[in-house]
Amino acid sequence: MNVVSTPRQSQETLNPRPALTLAQRSNLWPLTAWGYPAWRRRSLTLLAGEPFSPGREAALFRGLCRPQPGELWLDAGTSTGFYAGVLARAGCRVVAADLSAPMLAAARRKEGGHPEGLADIGWLLTNLEDSGLPDASFDGVTVGATLNETRDPARLLAELDRLTRPGGQLWLMYLGRAGVALQRALSVPLLGGLTFPDPAWVARQLPGCTRTDMLKVGAVVFERYARMRG
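Please read these numbers as outputs of a predicted model, since none were measured by experiment.

Asks: Explanation requested: the nonpolar core in the structure shown.
Replies: Soluble globular proteins: nonpolar side chains tend toward being buried together. In terms of nonpolar packing, the biggest core is built from 31 residues, with Phe 61 and Phe 222 touching the most fellow members. With residues near it in sequence (within four places) discarded, Phe 61 still touches Arg 66, Pro 67, Trp 73, Tyr 83, Val 86, Leu 87, Thr 142 and Trp 171. Counting 24 residues, the second largest nonpolar core, distinct from the first, contains Ala 76, Phe 138, Leu 147 and Tyr 225.

Asks: Quick question: what am I supposed to make of a nonpolar patch on the surface here?
Replies: On the surface, Trp 39, Leu 46 and Leu 47 cluster together into a nonpolar patch covering about 300 Å² of accessible area. Tracing the backbone shows Leu 46 in helix H2 (residues 30-48).

Asks: So what exactly am I meant to see when it comes to the side chain of Glu 159 here?
Replies: Along the chain, Glu 159 turns up in helix H7 (residues 153-163). Overall, the relative accessible area of 9% leaves Glu 159 in the buried class. Among the polar contacts made by the side chain of Glu 159, one reaches the side chain of Arg 162 at a distance of 2.7 Å. In this structure, Glu 159 is in contact with Leu 128, Glu 129, Asp 130, Ser 131 and Gly 132, ignoring residues within four places of it in sequence.

Asks: Explain the packing of aromatic side chains here, please?
Replies: Each aromatic ring pair is characterised by the separation of its centres together with the angle its planes make. Across all of its chains, the model carries six aromatic pairs by this definition. Geometrically, the ring pair formed by Phe 52 and Phe 222 is stacked, given 5.4 Å between the ring centres and 15° between the ring planes. In this pair, Phe 52 is assigned in the loop between H2 and helix H3 (54-65) and Phe 222 in strand E8 (residues 220-227), connecting sequence segments 170 residues apart. On the accessibility criterion, Phe 222 (2% relative accessible area) is buried. Put simply, the rings of Phe 52, Phe 61, Trp 73, Phe 82, Tyr 83, Trp 171 and Phe 222 touch in pairs and so form one group of aromatic residues.

Asks: What should I look at first to understand the side chain of Thr 78 in this one?
Replies: By the secondary structure assignment, Thr 78 is in the loop between strand E2 (72-76) and helix H4 (82-89). Engagement of the side chain of Thr 78 in a polar contact is seen with the side chain of Asp 75, the distance being 2.6 Å. Not counting the four nearest positions on each side in its chain, Thr 78 is found in contact with Ala 84, Ala 96, Ala 97, Asp 98 and Leu 104.

Asks: I keep staring at the pattern of salt bridges and nothing clicks. Help me out?
Replies: Where charged atoms of side chains with opposite charge meet at close range, the side chains can pair. Scanning all chains against the criterion turns up eight salt bridges. Two residues, Arg 155 and Asp 130, come together in a salt bridge whose shortest N-O distance is 3.8 Å. Placement of the pair is Arg 155 in helix H7 and Asp 130 in the loop between strand E4 (121-125) and strand E5 (138-144), with a sequence separation of 25 residues. For Asp 139, the salt bridge identified is with Arg 165, shortest N-O distance 3.0 Å. In this pair, Asp 139 sits in strand E5 while Arg 165 sits in strand E6 (residues 164-175), placing the two residues 26 residues apart along the sequence. According to the relative accessible area criterion, Arg 165 is partly exposed, its value standing at 28%. Salt bridges linked by common partners bring Asp 135, Glu 159 and Arg 162 together as one network.

What counts and how
Residues numbered from 1 in each chain as written. Predicted model: local features only at pLDDT ≥ 70, side-chain atom pairs only at ≥ 80, totals over all residues. Heavy atoms only, no water. Core = buried A, V, L, I, M, F, W, Y, C linked by side-chain atoms within 4.5 Å. Buried < 20%, exposed > 50% of the residue type's maximum accessible area, 1.4 Å probe, protein only. Contact = heavy atoms within 4.5 Å. Patch = residues over 30% accessible without salt bridge, like charges linked within 9 Å, V, L, I, M, F, W, Y side chains within 5 Å. Areas by Shrake-Rupley, 256 points an atom, 1.4 Å probe, with all protein chains shown as cover. Salt bridge = Lys/Arg side-chain N within 4 Å of Asp/Glu carboxyl O. Helix = DSSP H or I, 4+ residues; strand = E, 2+ residues; numbered from the N terminus. Polar contact = N/O pair within 3.5 Å; in protein donor to acceptor, adjacent residues only side chain to side chain. Phe/Tyr/Trp six-rings, centres within 6.5 Å; stacked < 30°, edge-to-face > 60°.

The values are spatial; any link to function lies outside them.
Dropping the structure here:
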């Protein structure tokens with residue numbers, strides 16, 4: 001069955017799984033998936049240093065990306081489905097992908113119980129550093145903090161660039177490099193193996209895209225890229 005053309009179905013790709021960071025492995029624990037929605041509701045306020053609710057984040061995304069009904073989007077590293085839900089409520093078809101089965105199960109429970117009924121979300125268990133999905137599959141791609149946790153952020157960005165159609169768009173939310181002691185500690189493999197990229201470095205990994213918008217709020221970076229045509 002074609003995952004991209006039939007997003008209502010749950011699928012699992014049998015791609016070889018690269019080694020995971022400690023942060024990625026922790027997402028495989030059911031307890032992490034259980035507690036993640038509470039963290040997600042408060043995380044941007046803590047990291048931005050000012051009130052930043054999920055509603056504000058969703059409004060920023062909708063205002064800059066303007067997702068349209070019928071478009072096909074990939075929510076890369078969906079966790080418990082925040083961007084997948086925003087997109088589905090905008091009338092988009094969504095493939096919500098994550099390497100954590102407990103996270104996907106929590107996302108399905110949360111979004112499946114939404115009163116608007118999110119029938120057009122398909123759930124895909126895969127490591128998006130090597131998804132195996134066809135080239136130029138999606139009108140848009142969202143990435144919510146997955147860039148910080150992946151073992152090979154350059155490989156992830158190259159893969160998402162490959163999956164975005166010419167004329168499509170890529171939305172990134174991540175913690176940017178601040179050079180502080182806590183970030184250096186969390187970059188150590190035994191303490192998380194996180195990556196805190198610099199926006200200029202991110203732009204260099206996406207040679208087929210043009211950055212159209214960027215907002216930095218505290219440590220949080222939001223960026224929109226447009227995929228070049230032709």
